[in-house]
Every structure is written in structure tokens, then in C-alpha cells.
Protein chains: 2
Amino acid sequence: MRSFASENISPDVVAFQFAVRGKIAIISEEIDSAIKKAKAEGKPNPYPFEKVVKCNSGNPQLLNQKPLTFIREITSMVEYPALTEHPELFHADAVARAKEIIKATGCDGTTGAYSPSKGLAYVRQTIAHFLEERDNVPMSPEDIYLTDGASIAIKIVMQLMISHPLHGIMIPNPQYPLYGACIQQLGGKTCHYNLNEDNYWLPDINDIKEQYEKYQNQGIKIKALVVINPGNPCGEVLPIDTIKEIIKFCNEKKICLMADEVYQENIWTDIPFNSFRKVLATMEPEIAHGLELISFHSISKGFYGECGKRGGMFACTNIPEFARLMMYKIISTTLCSNVVGQVVMSIICNLPKEGDPSYPLFKQERDAILGSLKRKAEYLCDIFNKCDGMSCNRAAGAMYLFPRITLPEKFIQECHERHEDPNETYCIEMLKKTGIAVVKGSGFGQRKGTYHFRIALLPPENEIEEVGKRIQVFHNSFMQQYK
Amino acid sequence: MRSFASENISPDVVAFQFAVRGKIAIISEEIDSAIKKAKAEGKPNPYPFEKVVKCNSGNPQLLNQKPLTFIREITSMVEYPALTEHPELFHADAVARAKEIIKATGCDGTTGAYSPSKGLAYVRQTIAHFLEERDNVPMSPEDIYLTDGASIAIKIVMQLMISHPLHGIMIPNPQYPLYGACIQQLGGKTCHYNLNEDNYWLPDINDIKEQYEKYQNQGIKIKALVVINPGNPCGEVLPIDTIKEIIKFCNEKKICLMADEVYQENIWTDIPFNSFRKVLATMEPEIAHGLELISFHSISKGFYGECGKRGGMFACTNIPEFARLMMYKIISTTLCSNVVGQVVMSIICNLPKEGDPSYPLFKQERDAILGSLKRKAEYLCDIFNKCDGMSCNRAAGAMYLFPRITLPEKFIQECHERHEDPNETYCIEMLKKTGIAVVKGSGFGQRKGTYHFRIALLPPENEIEEVGKRIQVFHNSFMQQYK
């Protein structure tokens, strides 16, 4: 049998699932191809829509969100420094920033040379300054590591901790499935704590404690706890008290706290974002200087949405030097993260300020994106709550809604007979009938016997009404069918 | 004990070494900082040089190699499409290509949207076309996967194969240390075959067979064999007959052949580069359609040298669909590779042709880079062979020389007494005395009792004489000291 025969593939690789880019993404591509093909051959469109609306992934620019002009003026000049000699084409502050970045890379190639493995010193200094201002807590650039997006950062950090099948990491349920996928790839144990749908998807410290005990009694050694704040897929934003409780718990158990804060700019209600770093610093010294905290950020979300650039980072608080050296070593095997992504990371941490030439346009672009996301979150939530057998918590943050659907018993039974996941079948039906791609709730984890889907709030605002209506019509007729 | 206490770090992570970015890279940064600091404080420079010459990494643009204008014109426009309305600033074919790429990404954000996980269809089609032309063998874009540089591609492929401490992968000795580092991180066994220094560092099929038997007798299940051609660190280029022997061997043992071909454009003698794909296609059908072959390429080397962009890929030949789905799944957890790197990958596979407006400048830039690399390879090799107790094979390809140094017995003994690696101490001495950073041979692996270093051929040509002389003076005085 050859090395790549199915039976020979690593079982850890075979086992894990990543629903965001799973079946629904693959079928979406197939449908788009079929429509294109039919058009090219002059045949009728086999689907009642022109193109799949990809709400399965938090990928704003794919759905026509425009990039921030300030970012792209700078990246174009950094790519081709001769353009800085044409200041008439750009805002003056963008030209100045591009020159600053070109100089800081220390070589003619700018984005063409490997940077130091942790990232360019200039970029790490800029991020450190941003975090200091945001949190009012000192931050050393030496504790910052640049990565190709936050996803790989999470994998690197977990790789240090998992070296035995009984090493576990606690993640929320529902979770962003990257977490489960990473733990399983590393051969560890995924341990859940629950987000409470009846309380705006907030976690409950007593549940966390109970779950921890339960896993410990199974012989599992918990190494870390993951918090996604604001939450993906559920949109919860943690109040300070909850943050403090989680910090205390992790400190008491001496486990690492991994804080995924990539949606920090996506806040839709009056519950503000508070970083774990900031709250940690307000606690008693023994905790503030004890808890091992790793905070993640990215250029992919917020109002910048530069997903394709793959820029991410993690910041270490109270992580011992040897562990940080080991992080460095893992990153060093891929030499460094892509420098364009690093550059954009530095830009999102140092955006135009009032009075800067770029500010008016920047403000207009930013406010339009955030305003639109907020309105879409509210609009879709209302629609979902009007659907028969559907209920939805409002999103306090992030970019998704996670409505609960009551699937008819008859449908569930039929699916089980066909060995199908009813939640998946529902979403595929929706995709084929409406052209809207969403991700099955079972891909994130959900309480047994409940069903959900995650929809990204990304279609342009002039299409959102249509998206809402199509889902409503589909869902109501689906429910009718099984009555 | 907390999660990141030294004793708690995964032993697989602690164990592996990656010399290219190890101690020598860290000391280099420290020295540069110390010189800068001394200057800033008005104190005398503590070192007899102005700046470290970083020959420890294949990072051409850091050492002032200019990026290709054609690439950067395109990437700047792709970043900021409004620039395509200023054709006076760019070559016409670059504008046309930029527009083609912007259109192909299918969204306003171009490089700002996640691409499909395997990479943009346009990019994969362009690469497939390039491989078909190069090898005269059909290639499906579906068998091509884009990655953030070739290093992570290698790790992904290995991850599918290694799931047990007795799963082994055969790699050359000396190797590029990424290979050993990946295998060890994945918890597998590094198995060596030898490159023969007495025969221009070529591998010998009898040795490969012997080593295979030896490991098999130890209970190790060999899953794959890695070939780096042209070779890093040794610069060997494989003759067709050797390629055929290795193909036959891997096919017979039913193991995967991993062909690292990132230096395919770096050829310095009359031994031409032949891809494993091309040679495989000429063999009897049972082998041509049987051998599991994965070929790696990158934008970091050749004459393009766009290391910081982190663009890489692998192409599958005869890999079953299920295994390819698992590759897709691993990549999908990080969503996709960075799109700028993908775009550049498409450009290096479709460079200006005679008659194109960009061609004259492109040809001039390319020929200058390749001509200079070739002259530097020859010049340094001559110098090394003139040094007392140093001998060096000429490089037939790639970007490095790997001279052998005969270290004095007395020095070796002193090092052992101090628990130092004599090879490392020698390189650190060289760095501190000459400002030239090279990597110890022991970081790549070498026959017991032999010592080498790897030097990248990257200092600008007007400095290469100086570099050669400094090493010569250092080495001769070092040898004198221990006589």
C-alpha cells in the first residue's frame, strides 16, 4: 500500500472537521461553476439565482466591501517605492507613512526580504504602542509575534502545550471550529464549556468550573482555556465581571488563557469591548503578574477586513522566556510571516487621526462599514425572530448571527434514516433553493437536540433585505412541508 | 506549575533545532544592535566592521538584490487598482497583467479577500500551464495547492504521513534543517541518506538502499524520501540517471517522493535542471502512473527572490483524491495562503517574453542577478580552496557553498571541555571577528568528524572580494593560532 492510501493517512488528520470551509464551501463552488457553465453553453440556469451569496465565511471584501483607501495607498507604494515620487496620486500622510515603512524594512526589497522571524521591529513597536494606548498597560515589542493570520498563531501556541493524548484545552461550545481542528490535529483533547443561549450566549463561571472538574476526573490535564471575545459564532461580548471571573479561574488552575480578540472593533450594542490584558492589569498583583495570557489579533476583521493578506499576531503576557524562545523556534522554521501582512498590521494599529489629510475619507469609509454591519445585524435578527420555529439572540459584537432553528421531527427522522446530519441537510437545502451559503450549527457545536446556522453579516446592504426574505420564504415553506 | 513552565513544553518542540535561524541569527541581531547603540552614544564601535553581512540565510533582497520591476509594477497596481488609470507610470504589459489579475480575483478587494483554500483558480491555472510547458507533461490546476512559502507546504504534506513515533522520512545528510525540524515536530523519525562529498555531494542509490534497510530493520516504517534538487546546502544538481534511480527506488518501496525544486532557476554549470515530474513521465507507465510524487516550488529563490512575500506551492502527481482532500482540509483551517504571495507565484510562472514591453528591462535584471550569483559561486569557491585546511566543492546550483574545514585537534578538545560544538564556536568566532554570518555545518548534518559551514552567495558583487578576503584572513589566523 502506498503512503497516501486512505488507510495510511494520519488518523488525527482524518478525524478533524472544519465546517467553515467544508461541504458547504465545496458545494457553493460547484453551484457557481454549474451556473457559469450553463450560461456559457446557452442553457437555462439550473438554479433560481445568479450567484451564491457566500455568507459562510467572514470574508467581507469577497462580498464587495471596499478596502480602506489609506491601507491600499500605502501598500501600493511599499510594493513599488518609485510611486512615492508621485505624491499627486496619494494623500500626503499615506506617502509619509509608506516612506517610513520602506525605511524601516532596512533594505531595497521592502516586502521582498524575510523579516526577523518574530516580525519587523518597526511593526512590533507600532503594535506595542497601540496596545499600550488601548489598555493603558506597558507592552514590550519583544512579547509580540507576527504570524500569517491569527489562525496559525493559535496553532503555534497550542503546539507548545499539547504533547500527550490526555492534554486538553477548554474551548467554548459553540466554538469557531478552528480550535477543535487544531487540538485534534495536535493529538490532544477538546474540552468544552458552554455558552448559554438563554443568556445572550454568555459563558457561566460555574459551568466552566463544573466542566473542568469533569474533564479532570477523566484524567485529562487541562492546559489552557480559550475565550473568543467578541464571540464567533454567537456574537456575545463579555462584561468585565465575566472577564475577571475567567481570569481568576485560569490563574487558580495555573492554566493559560488564550484570548481571541480579532473582532474587537465589531461592537454593536452598548456593551464595550474590554481586552483581557487591560482587565488583567487591574487585578491584584499576584494574578496580574502570574496569569499566562496570550492575546490574538488580526487584520482580517474589524472595518479593515484584509483577510487575503493573512496578517495576524499574538501578544504574550507573563509568558516565561524559555516558552517564548520555543514559540520563536516554531515560527522560525517557516522563516517569517508575510511582510505585506505585517505592514498592514502596523497600519491598522496606527490609523489616520483627526487633522491628518487621510482622515476625512478614512472616517467616512470606516463609519460606513461599521454602520452597515450594525444595521444588518439588527435587520436580520428581526427577520429571523419572525420566522416560524426560528429564534435569534442579537449580536452584541463580531460579524455573525447564530439563529436557532426548530427542525421538524419528521425531517430529523428522515435524515437519520439516510445517515445525514439534519443540520447539514437543512443548510444544503437552503443553499440550493436560495443561493445563500451559511454554515451548519453542528459545525460549531451546539447543545444536543438543538439546531442552528451561522450567517455572516456581509452581503451589501442593498441586498440584505433580499437575503433576509429569501431565507424567510425558504424556512417557512420548509417548515410547512413537514407539518 | 503553569502551562508554559519549561518542564511543561512539548518535548517534540523542545527537541528540534533550526540552525538557519538559531544562535547565529540571534547573535547577529545583537551585534547590529550593539554597533547602533555605540554609534548613538558616541562611543567607539566594539566590532571591526560596520554591519553584519547576513550570509546565514537565502535572503537576497536583504542584501540589496533589487526586486524585479515587472513583479512590483503589477503588485502595486493589484494593491491599489486606481493606479491602472495611470499607464504612464508602468510598462503596458504590466498594466494589462494587473488588470487580468484584478479581474481574476473576482472581487473589489483583490488581495483583501480570502481565496479558495487551495488558491485562486487563476493562479493555479497559470502555474499548471507553466509546469506543462516546462515538463511537456499535462498538469491539472486541481492538483496544485498554494501555500505561505514552500516551508509550510512541506510541513502540511508530512503531517498527512506521520502519525506514529516509528514513522520515518528519509532526508539527505547534509539537509536543509527544515526537514528534520518538521519531522521532529510531528513526532516522527528522521532517517538519513548520505550526500557524498567526494562525488560533488551527489547521493548514491546503493547508500539509499542500505540506509533504508537499516532503518527498516530498526522497525521504522519509511513513508517518504526527500530530494532537494538543486541541493541546499551543498549545491549539487542531480543527473537524469540519478533521478531515475531514485524514482525507481521510491516506486518499488511504494513511498512518496518529495521533490524540493525551489532552486530550479539557480544553475551554475552545464548540468541542467530536470524536474522529477518531467523525468517520471518518461518512465514505464506502471511507474509514471504509480509513484506518489509531490513537487515544491516557491517565489523566494531563483532570480525573483521575493522571500518576504511568502509564496509557495506544491503540485501532486498520482496522489489519490482522499489524500488530496485531507491536504485541502489542513490548509482550510488557516483559510488560504496570502493572496499577494499567490499573485507573485502566478507572475514568476508567466514572465515577460521577447517582444513584450517589459522584456528588455526584465532580461537585464534577470541576467544581472543570475550572472552575479554564478560569478560569486566561482570566486568564493576558489578562495576557500586556497585556504589552509579548507576545501570546497563547486556549486552546480542553488545559492550556497558548503566548504569543509579541518579544525585543529587542540581547538576541538578545548571546545569539548567547554561543552561547546566546535563547529558552532568556529562560526561564532568568524562572526565576531569578520562580521560575516554563516551557518555551522552541524546545523545541516555532516559525516562524523567533519566540519563545514554554509555561506549564502548573496553579498553584492562589489563586496564579495572583501567577504572572501575577510574569511581567508580569519581562517588562516585561526589555524595559525592552534598550530
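Here the residue numbering is sequential within each chain, running from 1 through the sequence in written order. Lettering for chains starts from A, numbering for ligands starts from 1, and both go in the order in which the items are written. Local features are withheld for residues below a pLDDT of 70 in this predicted model, meaning they are given only at 70 or higher, and side-chain atom pairs are given and counted only at 80 or more; totals for whole chains, interfaces and linings count all residues. Only hydrogens and water are removed before side-chain values are computed, so all heavy atoms of the structure are retained for them.

Visitor: Looking at this model, I keep getting lost on the nonpolar core. Mind explaining?
Guide: Nonpolar side chains tend to gather and get buried jointly when the protein is soluble and globular. Within the largest apolar cluster, 190 residues are counted, with the highest numbers of intra-cluster contacts made by Tyr426(A), Phe453(A), Ile455(A), Tyr426(B), Phe453(B) and Ile455(B). The term nonpolar core refers to a set of buried residues drawn from Ala, Val, Leu, Ile, Met, Phe, Trp, Tyr and Cys, joined through side-chain atoms within 4.5 Å. Three exposure classes are used, based on accessible area relative to the maximum for each residue type with a 1.4 Å probe and protein chains only: buried under 20%, partly exposed in between, and exposed over 50%. Core analysis: the second largest hydrophobic core is formed by 156 residues, Tyr179(A), Ile183(A), Leu291(A) and Tyr114(B) among them.

Visitor: What am I meant to see in the UniProt feature "domain: Aminotransferase class I/classII large" (unreviewed entry) in chain A here?
Guide: Listed under "domain: Aminotransferase class I/classII large" (unreviewed entry) in the UniProt record, and renumbered for this structure, are residues 99-471 of chain A. From the first C-alpha to the last, residues 99-471 of chain A spans 49 Å; its make-up is 43% helix and 17% strand. UniProt positions are given in the numbering used here, feature names are shortened, and annotations may be inferred rather than shown by experiment. By the criteria applied, helices consist of DSSP H or I runs no shorter than four residues and strands consist of E runs no shorter than two, each listed in order from the N terminus.

Visitor: Before we go on, may I ask you to explain the pattern of salt bridges in this structure?
Guide: Two side chains of opposite charge can pair, provided their charged atoms sit close to one another. Any carboxyl oxygen of Asp or Glu that lies within 4 Å of a side-chain nitrogen of Lys or Arg is treated as forming a salt bridge with it. Inspection of the entire model under this criterion finds 58 salt bridges over all chains. Notably, a salt bridge pairs Glu461(A) with Arg375(A), separated by 2.5 Å at the nearest N-O pair. Here Arg375(A) lies in helix α14 (residues 359-386) and Glu461(A) lies in helix α17 (residues 461-481), a separation of 86 residues in the sequence. Taking the relative accessible area as the measure of exposure, Glu461(A) reaches 31% and is therefore partly exposed. Take Arg375(A): its relative accessible area is 45%, and that puts it in the partly exposed class. A salt bridge links Lys43(B) to Glu41(B); the nearest nitrogen and oxygen atoms lie 3.1 Å apart. Lys43(B) sits in the exposed class, given a relative accessible area of 52%. Of the residues examined, Glu41(B) reaches a relative accessible area of 43% and is grouped as partly exposed. Ionic contacts of the salt-bridge type, sharing partners, join the residues Lys23(A), Asp421(A), Glu424(A) and Lys440(A) into one network.

Visitor: Explain the domain arrangement of chain A to me, please; I cannot follow it from the model alone.
Guide: Accessible area lost during the coming together of the parts is what is often quoted as the interface size. Residue and element names in this part refer to chain A. Domain annotation for chain A reports domain 1 (6-51 + 364-481) and domain 2 (114-348). Relative to domain 2, the C-alpha centre of domain 1 lies at a distance of 28 Å. Residues count as neighbours in contact if any of their non-hydrogen atoms are within 4.5 Å of one another. Of the residues lining the interface, 31 residues belong to domain 1; the matching set on domain 2 comes to 30 residues. As a working definition, buried area equals the accessible area (1.4 Å probe) given up by two parts on being put together, with both sides summed. Each partner contributes to the roughly 2,800 Å² buried at the junction of domain 1 and domain 2, and carbon and sulfur atoms together form 60% of this total. At the junction of domain 1 with domain 2, the criterion picks out one salt bridge. Across the pair Glu197 and Arg404 runs a salt bridge whose closest N-O atoms are separated by 3.8 Å. Among the secondary structure elements, those contributing two or more residues to the side of domain 1 that touches domain 2 are α1 (11-15), α14, β11 (400-401) and β15 (451-456). With seven residues, α14 is the single largest residue contributor to the side of domain 1 that touches domain 2. Following the grouping adopted for this structure description, the nonpolar residues are Ala, Val, Leu, Ile, Met, Phe, Trp, Tyr, Cys and Pro, the charged ones are Asp, Glu, Lys and Arg, and the polar ones are all others, Gly among them. The class makeup of the residues in the side of domain 1 that touches domain 2 is 17 nonpolar, seven polar and seven charged. Boundaries between domains were set according to an automatic or database domain assignment.

Visitor: Is there a simple way to explain helix α16 (residues 422-434) of chain B in this structure?
Guide: In an α-helix, one turn spans 3.6 residues, which is why side chains three or four residues apart end up on the same side. All names here are of chain B. The length a helix should cover is 1.5 Å for every residue beyond the first. Between its first and last C-alpha atoms α16 spans 18 Å; for 13 residues at 1.5 Å apiece the expected length is 18 Å, and the two agree. Among the 13 residues that make up α16, ten are buried, leaving the element largely enclosed by the rest of the structure. Among the residues making up α16, those that are buried are Pro422, Asn423, Glu424, Thr425, Tyr426, Cys427, Ile428, Met430, Leu431 and Thr434. By the criterion applied in these results, polar contacts are pairs of N or O atoms within 3.5 Å in which, for protein atoms, one can donate a hydrogen and the other can accept it, and in which residues neighboring in sequence qualify only through two side-chain atoms. Put simply, Asp421 is the residue that caps the front of α16, since its side-chain oxygen is 2.9 Å from the backbone nitrogen of Asn423. A positive phi of about 75 degrees marks Gly435, the residue just after α16.

Visitor: I would appreciate a short explanation of the sheet that holds strand β7 (residues 256-260) of chain A in the present structure.
Guide: Where strands meet in a sheet, backbone hydrogen bonds hold them as pairs that are either parallel or antiparallel. All names here are of chain A. For two strands to be treated as a pair, DSSP must find no fewer than two bridges joining them. Pairing within the open sheet is mixed, and its eight strands lie in the order β2-β9-β8-β7-β6-β3-β4-β5. On the outer flanks of this sheet lie β2 (144-147) and β5 (202-203), each paired with one strand and no other. In this structure, strand β3 (residues 167-173) lies alongside strand β4 (residues 189-196), joined through six bridges in parallel fashion. Across the sheet, the residue bridging to Ile171 is His192, located in β4. The sheet strands contacting helix α7 (residues 178-185) are β3, β4, β6 (221-228) and β7, and the helix crosses β3 at an angle near 165 degrees. Note on geometry: axes are lines fitted to C-alpha atoms, helical ones only across the stretch in contact, with angles between N-to-C directions running from 0 to 180 degrees. Strands in contact with helix α8 (residues 205-217) are β3, β4, β5 and β6; relative to β4, the strand with the most contacts, it is inclined by about 160 degrees.

Visitor: Is there a simple way to think about the packing of aromatic side chains in this case?
Guide: Two aromatic rings are characterised by how far apart their centres lie and by the angle between their planes. Pairs were defined over the aromatic rings of Phe, Tyr and Trp, the Trp ring being its six-membered one, requiring ring centres within 6.5 Å. Orientation was assigned from the angle between planes: stacked under 30 degrees, edge-to-face over 60, tilted for the rest. Scanning all chains against the criterion turns up 40 aromatic pairs over all chains. Pairing Phe411(A) with Phe478(A) gives two aromatic rings, centres 4.8 Å apart and planes at 80 degrees, and the pair type is edge-to-face. One end of the pair, Phe411(A), is in helix α15 (residues 409-417); the other, Phe478(A), is in helix α17, and 67 residues separate them in sequence. Put simply, the rings of Phe384(A), Phe411(A), Tyr426(A), Phe453(A), Phe474(A), Phe478(A) and Tyr482(A) pair up and form one aromatic cluster. In this structure, Lys214(A) packs its charged tip against the face of Tyr215(A), placed 4.7 Å from the ring centre. Ring-over charges, as used throughout, are those where CZ of Arg or NZ of Lys falls within 6 Å of the ring centre and within 35 degrees of the ring normal. The ring of Phe16(B) carries the charged tip of Lys329(A) above its face, separated from the ring centre by 4.3 Å.

Visitor: Where do I start with the relation of the copies chain B and chain A in this structure?
Guide: What connects the two chain copies is a rotation about an axis and a shift along it. Only residues with pLDDT of at least 70 in both copies contribute their C-alpha atoms to the least-squares superposition of the copies. When chain B is brought onto chain A, the operation consists of a screw motion whose angular component is 180 degrees and whose axial shift is 0.0 Å, with 0.0 Å RMSD remaining. Taken together, the rotation and translation relating the two chain copies correspond to the operation of a two-fold axis. Measuring from the rotation axis to each C-alpha of chain B, the shortest distance belongs to Ser76(B), at 2.1 Å. A shared binding surface is used by both copies, with 100% of the interface residues of chain B retained as interface residues in chain A.

Visitor: Whenever I open this one, the sheet that holds strand β2 (residues 144-147) of chain B confuses me. Can you help?
Guide: All names here are of chain B. The eight strands lie next to each other as β2-β9-β8-β7-β6-β3-β4-β5, forming an open sheet whose pairing is mixed. At either margin of the open sheet sits one strand with a lone partner, and together these are β2 and β5 (202-203). Across the face of the sheet, helix α6 (residues 150-161) comes into contact with β2, β3 (167-173), β6 (221-228), β7 (256-260), β8 (293-298) and β9 (312-317) while running at roughly 160 degrees to β8. Across the sheet, helix α8 (residues 205-217) is in contact with β3, β4 (189-196), β5 and β6; its angle to β4 comes to roughly 160 degrees.

Visitor: I would appreciate a short explanation of the interface of chain B and chain A in the present structure.
Guide: Contacts between chain B and chain A engage 99 residues on the former and 99 residues on the latter. Together, the buried faces of chain B and chain A total about 8,200 Å²; carbon and sulfur atoms form 57% of this surface. For the chain B face of the interface with chain A, the top three residues by lost area are Arg2(B), Phe4(B) and Tyr114(B), together amounting to 12%. Taken together, the links from chain B to chain A amount to four salt bridges. Between Lys309(B) and Glu79(A) there is a salt bridge whose closest N-O contact spans 3.2 Å. Across the contact surface, chain B and chain A share 49 residue pairs in polar contact (both at pLDDT 80 or more). Tallying contributions element by element places helix α12 (residues 321-332) of chain B first for the side of chain B that touches chain A, with eight residues. Each residue belonging to the side of chain B that touches chain A can be placed in one class, and the counts come to 48 nonpolar, 33 polar and 18 charged.

Visitor: I'm lost on a negative patch on the surface in this one. Help?
Guide: Here the term patch refers to residues with relative accessible area over 30% and no salt bridge, with like charges joined within 9 Å and nonpolar side chains (Val, Leu, Ile, Met, Phe, Trp, Tyr) within 5 Å. Every accessible area reported is derived by Shrake-Rupley at a probe size of 1.4 Å, with residue values counting cover from the shown protein chains alone. None of His or the chain ends enter the tally, which takes Lys and Arg as positive and Asp and Glu as negative. Where a charge lies is defined by one atom per residue type, namely NZ (Lys), CZ (Arg), CG (Asp) and CD (Glu). Together, Asp204(A), Glu210(A), Asp241(A) and Glu245(A) make up a region of like negative charge exposed at the surface. With respect to the element layout, Glu245(A) can be found in helix α9 (residues 240-253).

Visitor: Can you help me understand the pairing of β3(A) in this one?
Guide: Within a regular beta strand, the side chains point alternately toward one face of the sheet and then the other, so they alternate between its two faces. Residue and element names in this part refer to chain A. Along β3, seven of the seven residues are buried, which leaves the element largely enclosed by surrounding structure. The pairing of β3 with β6 spans four bridges and is parallel. What sits directly across from Gly168, in β6, is Ile222. Crossovers are described as right-handed under a simple rule: with the strands pointing away from the observer, the path leading from the first strand over the helix to the second runs clockwise. Of the crossover connections in this fold, the one passing from β3 over α7 to the parallel β4 is right-handed.

Visitor: Just to check I follow, could you spell out unusual backbone geometry for this structure?
Guide: Where the residue is not glycine, phi is negative for most of them; where a peptide bond is considered, it is trans in most cases. The linkage connecting Asn173(B) with the following residue, Pro174(B), adopts the cis geometry, with an omega of 5 degrees. Mapped onto the elements of the fold, Pro174(B) is located in the loop between β3 and α7 (178-185). In this structure, Pro230(B) follows Asn229(B) across a cis peptide bond, with omega equal to -5 degrees. The phi dihedral of Leu335(A) falls on the positive side, at around 70 degrees, and the residue is not glycine. Relative to the assigned elements, Leu335(A) resides in the loop between α12 (321-332) and α13 (339-348). Looking at Leu335(A), the relative accessible area reads 3%, which means it is buried. Even without being glycine, Tyr200(B) reaches a positive phi, approximately 55 degrees. Considering the arrangement of structural elements, one finds Tyr200(B) in the loop between β4 and β5. Residue Tyr200(B) is classed as partly exposed on the basis of its relative accessible area of 43%.

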